[in-house]
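Chain and residue survey
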Amino acid sequence: MKRTLIFAAAASALAFAASASAQNFVIVNGTVATGDGSDPIEGGMVEVKDGKIAYVGPERAFETTTVYDVAGKWVTPGIFAAATDIGLADVGGVSESNDSSANGSPYNAALDISTAINPSSQHIAVSRAGGVTRATVTGSPGRSIFAGQGATIDLGADGQPITVAKSFQLVALGEAGARLAGGSRVASQAELRNALREAAAFAAGTWEGGEAILTRADAEALVAVTSGKQKLYVHVERAQDIRGALGLKREFPKLDMVLLSVSEGWLVADEIAASGVPVIADPLDDLPSSFEQLAATQSNVGRMFAAGVKVAIGGIDTFNQPRNLTQYAGNLVALQKVPRASGLSWGQAFAAITSVPAEISGMGGKAGVLTAGAFGDVVIWDGDPLELSSEPVTVYIDGVEQPLDNHQTRLRDRYRDLNESDLPKAYDW
Amino acid sequence: MRYRAFAILGGAVALAACSATSDGKPASASDASAAKADAPYPSTYSAYPGAPTALIGATIYDGAGGQIDGGVVLFSDGKITEIGDANLAIPEGYSRIDGTGKFVTPGIIDIHSHLGNYPSPSVQAHSDGNEATSPTTPEVWAEHSVWPQDPGFSRAMANGGITSLQILPGSANLMGGRTATLKNVPSRTVQGMKFPGAPYGMKMACGENPKRVYGGRGRMPSTRMGNFAVNRQTWLDAKVYADGDRKKRDLAKETLAGVLDGDILIHNHCYRADEMALVMDMAKEFGYKVSAFHHAVESYKIGDLLKENEVCSAIWADWYGFKMESYDGIPENAALLQKAGACVVIHSDDDNGIQRLNQEAAKAQAAGARMGINIPDAEVISWLTLNAAKAMGIDAMTGSLTAGKMADVVLWNGDPLSVYSRPEKVWVDGALLFDSGDPKRRPVSDFELGQPGEGDVK
């Protein structure tokens, strides 16, 4: 037992500047939430070796001399932000900086988001400081119902954000898809089916470019969807549109589908559960914001979960901020105390922003969970990560300690006081 | 309105947000100016019946910075009668509610909302917040756009404890029109929601929105200097009117004259510090006062100026980066302002955010604590109660649990600064209008009747 080797590496020691390479280290004495849906445990141990989680569990003997005693703090996997737009824009309203959609492009399904992700974006830096370590990133549809191929990324400060490129395609049905397709749901269904048939023809070598509606690149890209090699995220809200989306699986049995948003999912929760299709839901929508969201309620996630649906919380854009996923999850815990509402336990809610979105993305067992063999994405928090008063103290991605400073922290430090008696604020940096 | 949820729903992001400001002179129903402001669409609101009630044993945040652990709140006939510690005598005839382990605050007030004028469902037919046909439209009144059946009012009460709110015109225009201050009660008419005796506000907007909307049409203003030129000429013309006999009625100039008279409070959408400083100088130039800057994400850069000019900052906890003028937003804004001695109000500008002003305040408090600015919980609660009321000119009537004020009260099932807490009961003027334990004590708008989800917990 090398417990005696521990040097006093409490909070202050965790503030060391990030090293460029993965460290081998052990974290002891924290409240450990593994992200798998279980409740947090006191005094667990997390060992990280060669950039991966090597061990999680009761404290045991270990080899390394780098030991962090984090008494009073929480240790968790990094937050996994599902279906965000981080890295695609510096400022949403500044079109020059915004790569999230391409209204003037002839290409749609072929668009490859991974070519535009900017790891130096402040939204990446701010999200990282909020404990977000991985994400799936999607563009927005431009001229067709297809948004293009999303990417799975990490938020590390190493200039290498892409974990998996082209990890999914996104299609908008419902009201959004209807408008894009020409004015009605009928048109979006025709567009979708034509596209999938053209892709099948492309795969079979029978696609005829001269007669086709899709560009060659779009038809080629959709082959991965029709063959089931690439996930298809379907944005849909209304209960009947959800049924319709699930019905696509009968027509195109190889589709590897994920439902996105699903404000009225609770009305058809049993049907979703029976289909085995997982869901990424925007958790706090409770207004009839549109005629396809009339039944929206904050109990949506809890009710789907109770019905056996695999549900992640996601779809949080840079405006709503991925760092607030913890707050969203906490709100679902709060519903447990509200009569007639359906919430989640703490462990379930935390899983909905860690392991479950990771599993849906295809990264099950690798991201969003503290388990042997997973990425060394570990966050140490100064309290319950779902509580409003808590924030990350230290963030590791692939075992590498990450910088947590950004434009916001620099502004905070500059304007800590307003003293300009010697020099203007511009010299304070 | 603003862009929410998935990016695929479209890019209206930069159009978000309007604002208003105020700072406050107390007003009361008996003020001549307030009475004038109420005409010609006077409030028909009157309190619903309530029972004399004693909330016992809860932690009380009084909204004015005070905290009483295990205290007692008494209200009767629609008014707060007394608050005190456990020794406070409870008069006969008061029904007792055990609040042990729970918390009591004044009703939460949102100084910046578009419920009713951008109601749900947010379809074009409901887009009544911006009269975006001229850069200055001080003649329009938000109350003429408010749809009282907006389902958002009930969510704001049930999840956010909102008892009063100000509805503003949007930010397309430099001068967007008059605001409407409402009690959050279901009503068939907007007059039935109007806060009796509340002064009017006028919405102004600086920065990107007006110049984009009108510049995009090839007309003035297309720049920030154009914004100021149009504003200054409009104020000059208004002063001529205000200094005259005012006999020829001019709806736009009546509003502006009301501002110059000090009867109508200015709520100014303005993000950037440098622009706020210019606006404060413009206010001095023409002899009016800004009550509050709304969306003031850069207020922390000029806390000293804002304190000196007694202007409140109505802000989000952490919104930033969605438009250029929001790029320097930081979560420590509220705490830095509080440290500078300036007035802080937490606002929503959002039909979802209005359901969580308490949580937004808690995040802002936590951001301050991490940089060494420790603000007591009870003072944080004033950001969404008394400070908002002051900036709206209604603090003599609501905003704190003070004897004689309206019994606008929220009983929370836990600490309102925790993510794990929700309103358990909400009283407006002493009437119990929301009870999480009673399925029927929850408003259902006409729009929701017979629809999927009717009467759900939401």
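Keep in mind the model is a prediction, meaning the values are calculated, not measured. (Residues numbered from 1 in each chain as written. Chains lettered and ligands numbered in written order. Predicted model: local features only at pLDDT ≥ 70, side-chain atom pairs only at ≥ 80, totals over all residues. Heavy atoms only, no water.)

1. Structural notes on the packing of helix α4 (residues 224-243) of chain B against helix α5 (residues 251-260) of chain B
All names here are of chain B. The following threshold applies: As a rule, the C-alpha atoms of each element are fitted with a line to give its axis, helices using only the stretch in contact, and angles between N-to-C directions run from 0 to 180 degrees. Here a strand is any run of E in DSSP of at least two residues, a helix any run of H or I of at least four, and the numbering for each starts at the N terminus. Each angle receives one of four descriptions, namely roughly parallel if under 35 degrees, roughly antiparallel if over 145, roughly perpendicular if within 65 to 115, and oblique otherwise. Only heavy atoms matter for contacts: two residues are in contact if any of them lie within 4.5 Å across the pair. When residues are grouped by polarity, Ala, Val, Leu, Ile, Met, Phe, Trp, Tyr, Cys and Pro land in nonpolar, Asp, Glu, Lys and Arg in charged, and all others, Gly among them, in polar.
For the pair α4 and α5, interaxial distance at closest approach is 9 Å and the crossing angle is 85 degrees. Relative to α5, the element α4 is oriented roughly perpendicular. Contacts between α4 and α5 involve T234, W235, D237, A238, K239, Y241 and A242 on the former and, on the latter, K253, E254, L256, A257, V259 and L260. Within the contact of α4 with α5, the residues separate by chemical class into eight nonpolar, one polar and four charged.

2. Description of the packing of helix α2 (residues 174-181) of chain A against helix α3 (residues 185-204) of chain A
Residues and elements named next belong to chain A. The N-to-C vectors of α2 and α3 enclose an angle of 80 degrees; their axes lie 7 Å apart at closest approach. By the criterion of interaxial angle, the relationship of α2 to α3 is roughly perpendicular. Mapping the contact onto sequence places G174, E175, G177, A178 and A181 in α2 and R185, A187, S188 and E191 in α3. A class-by-class count of the residues in the contact of α2 with α3 yields three nonpolar, three polar and three charged.

3. What to know about the sheet that holds strand β12 (residues 279-281) of chain A
Sheet strands associate in pairs through backbone hydrogen bonding, adopting either a parallel or an antiparallel arrangement. Residue and element names in this part refer to chain A. Stated formally: Paired strands are those between which DSSP finds at least two bridges.
Here eight strands make up an open sheet; going across it, the order is β6-β7-β8-β9-β10-β11-β12-β13 and the pairing mixed. Edge positions in the open sheet fall to β6 (79-84) and β13 (311-313), since each of these has one partner strand only. Averaged over all pairs of adjacent strands, the angle between their axes in this sheet comes to 25 degrees, without regard to strand direction. Relative to β12, strand β11 (residues 257-261) runs parallel, the two sharing three bridges. Following the sheet pairing, L260 is matched in β12 by I280. Running at roughly 165 degrees to β11, helix α5 (residues 239-251) makes contact with β10 (231-236) and β11 of the sheet.

4. Thoughts on helix α8 (residues 333-340) of chain B
Quick reminder: α-helices carry 3.6 residues per turn. Residues three or four places apart thus point the same way. Here is the rule: Working definition: with a 1.4 Å probe on protein chains only, accessible area under 20% of the residue-type maximum means buried, over 50% means exposed, and in between means partly exposed.
Every buried residue of α8 of chain B is listed here: N333, A334, A335, L336 and L337 of chain B. Structurally, α8 of chain B contributes buried residues whose contacts are with α7 (303-308), β13 (312-315), β14 (344-346) and α9 (357-370) of chain B.

5. A few points about the interface of chain B and chain A
Put simply, the rule reads: When two components associate, each loses some accessible surface as probed by a 1.4 Å sphere; the sum of these losses over both components is called the buried area. Salt bridge, as applied in this entry: a Lys or Arg side-chain nitrogen positioned within 4 Å of an Asp or Glu carboxyl oxygen.
On the chain A side, the residues contacting the 70 residues of chain B number 75 residues. Summed over both partners, the interface of chain B with chain A buries about 6,100 Å², with 56% contributed by carbon and sulfur atoms. Counting every contact that joins chain B to chain A gives three salt bridges. Taking the shortest distance from any N to any O, the salt bridge between R412 of chain A and E332 of chain B comes out at 3.8 Å.

6. A few points about the nonpolar core
Grouped burial of nonpolar side chains is what soluble globular proteins tend to show. As a reminder, the rule being used: Residues enter a nonpolar core if they are buried and are Ala, Val, Leu, Ile, Met, Phe, Trp, Tyr or Cys, with the set joined through side-chain atoms within 4.5 Å.
Ranked by size, the top nonpolar core spans 166 residues in total, and within it L259 of chain A together with W235, Y288, F293 and W383 of chain B carry the most contacts. In terms of residues, this core owes the most to one element, helix α6 (residues 273-286) of chain B, which gives seven residues. Counting residues in each nonpolar core, the second largest holds 16 residues, with F195, A292, A391 and I394 of chain B among its members.

7. Considerations on the sheet that holds strand β9 (residues 180-183) of chain B
Residues and elements named next belong to chain B. The three strands are arranged β6-β7-β9 in an open sheet whose pairing can be described as mixed. The sheet is open, and its two borders are formed by β6 (108-113) and β9, each paired with just one other strand. Between one strand axis and the next, the sheet turns by 15 degrees as a mean value, whatever way the strands run. The pairing of β6 with strand β7 (residues 162-167) spans four bridges and is classified as parallel. Bridge pairing in β7 places I108 opposite I162. Against the sheet, helix α2 (residues 152-160) touches β6, β7 and β9, its axis set at about 135 degrees to β7.

8. Quick word on the UniProt feature "domain: Amidohydrolase" (unreviewed entry) in chain A
Cut-off, in case you're wondering: UniProt positions are given in the numbering used here, feature names are shortened, and annotations may be inferred rather than shown by experiment.
Residues annotated by UniProt as "domain: Amidohydrolase" (unreviewed entry) correspond here to residues 299-399 of chain A. Along residues 299-399 of chain A the backbone is 31% helical and 13% strand, and the end-to-end C-alpha distance reaches 36 Å.

9. Focus on the pattern of salt bridges
Following the criterion strictly, the structure yields 35 salt bridges over all chains and no others. Between K425 of chain A and D428 of chain A there is a salt bridge, with its nearest N and O atoms 3.7 Å apart. According to the relative accessible area criterion, K425 of chain A is buried, its value standing at 7%. The partner of K363 of chain B in a salt bridge is D318 of chain B, and the shortest N-O contact between them spans 2.9 Å. Of this pair, K363 of chain B sits in helix α9 while D318 of chain B sits in the loop between β13 and α8, and the two are 45 residues apart along the sequence. Per residue, the accessibility class of K363 of chain B equals that of D318 of chain B, and both read buried. Sharing partners across several salt bridges, the network here consists of R412, D413 and R416 of chain A together with E332 of chain B.

10. Things to note about the side chain of S361 of chain A
The topology assignment puts S361 of chain A in helix α10 (residues 355-361). Here S361 of chain A is in contact with F80, T136, K231 and Y233 of chain A, once residues within four sequence places are set aside.

11. With respect to the pairing of strand β7 (residues 132-137) of chain A
All names here are of chain A. Going by this rule: Seen with its strands pointing away from the viewer, a crossover is right-handed if its path from the first strand over the helix to the second goes clockwise.
In terms of residue burial, β7 counts as a mostly covered element, since six of its six residues are buried. Regarding topology, helix α1 (residues 122-129) serves as the crossover connection from β6 to the parallel β7, and that connection is right-handed. Pairing geometry for β7 and strand β8 (residues 146-154), over four bridges, is antiparallel. Note that in β8 the partner of V137 across the bridge is A151.

12. Here's the deal with the UniProt feature "domain: Amidohydrolase-related" (unreviewed entry) in chain B
Mapped onto this structure's residue numbering, the UniProt feature "domain: Amidohydrolase-related" (unreviewed entry) falls at residues 103-429 of chain B. Within the segment residues 103-429 of chain B, helix and strand shares are 31% and 17% respectively, and the terminal C-alpha atoms sit 19 Å apart.

13. Notes on unusual backbone geometry
With an omega dihedral of -5 degrees, the bond running from S120 of chain B to P121 of chain B counts as a cis peptide bond. Among the secondary structure elements, P121 of chain B is positioned in the loop between β6 and α2. Residue M220 of chain B is joined to P221 of chain B through a cis peptide bond whose omega torsion reads 0 degrees. At K166 of chain A, a residue that is not glycine, the phi angle is positive and equals roughly 50 degrees. For K166 of chain A, the location among the structural elements is in strand β9 (residues 162-172). Overall, K166 of chain A belongs to the partly exposed group, its relative accessible area being 43%. You will see that V262 of chain A, though not glycine, has its phi angle at about 40 degrees, which is positive.

14. Re empty space enclosed by the protein
For the record, the criterion: In this analysis, the protein atoms alone were mapped onto a 1 Å grid. Cavities are point sets where a 1.4 Å probe fits without being able to get out; pockets are open sets with protein on both sides within 12 Å along at least five of seven lines; lining residues have an atom within 4 Å of a point. Grid points are joined across faces, edges and corners, and a volume is the space filled by probe spheres set on the points.
Under the defined criterion, the tally for this structure stands at nine cavities of 30 Å³ or more. In this structure, the second largest cavity occupies an estimated 80 Å³ of space. Around the second largest cavity, the lining residues are L335 and V338 of chain A together with A158, N159, R422, P423, F434, S436, R442, V457 and K458 of chain B. The residue inventory of the lining of the second largest cavity, partitioned by class, reads six nonpolar, two polar and three charged.

15. So, the state of the cysteines
Residues and elements named next belong to chain B. Let me state the cut-off plainly: A pair of cysteine sulfur atoms is labelled a disulfide when the two atoms are within 2.5 Å.
One pass over the structure, following the stated rule, counts two disulfides over all chains. Paired through a disulfide, C206 and C270 show a sulfur-sulfur distance of 1.9 Å. Pair noted here: C206 is in the loop between β10 (201-205) and α3 (208-215) and C270 is in the loop between β11 (265-269) and α6, with a separation of 64 residues, a long-range link. Each member of the pair, C206 as well as C270, is classed as buried. Paired through a disulfide, C312 and C343 show a sulfur-sulfur distance of 2.1 Å. A torsion of 90 degrees about the S-S bond marks the disulfide between C312 and C343 as right-handed. Taken together, the residues span a long stretch of sequence, with C312 in strand β13 and C343 in the loop between α8 and β14 at a distance of 31 residues. Judged by relative accessible area, C312 falls into the buried class, the value being 4%. If the cysteines joined by disulfides in chain B are listed in sequence order, their pairing comes out as 1-2, 3-4.

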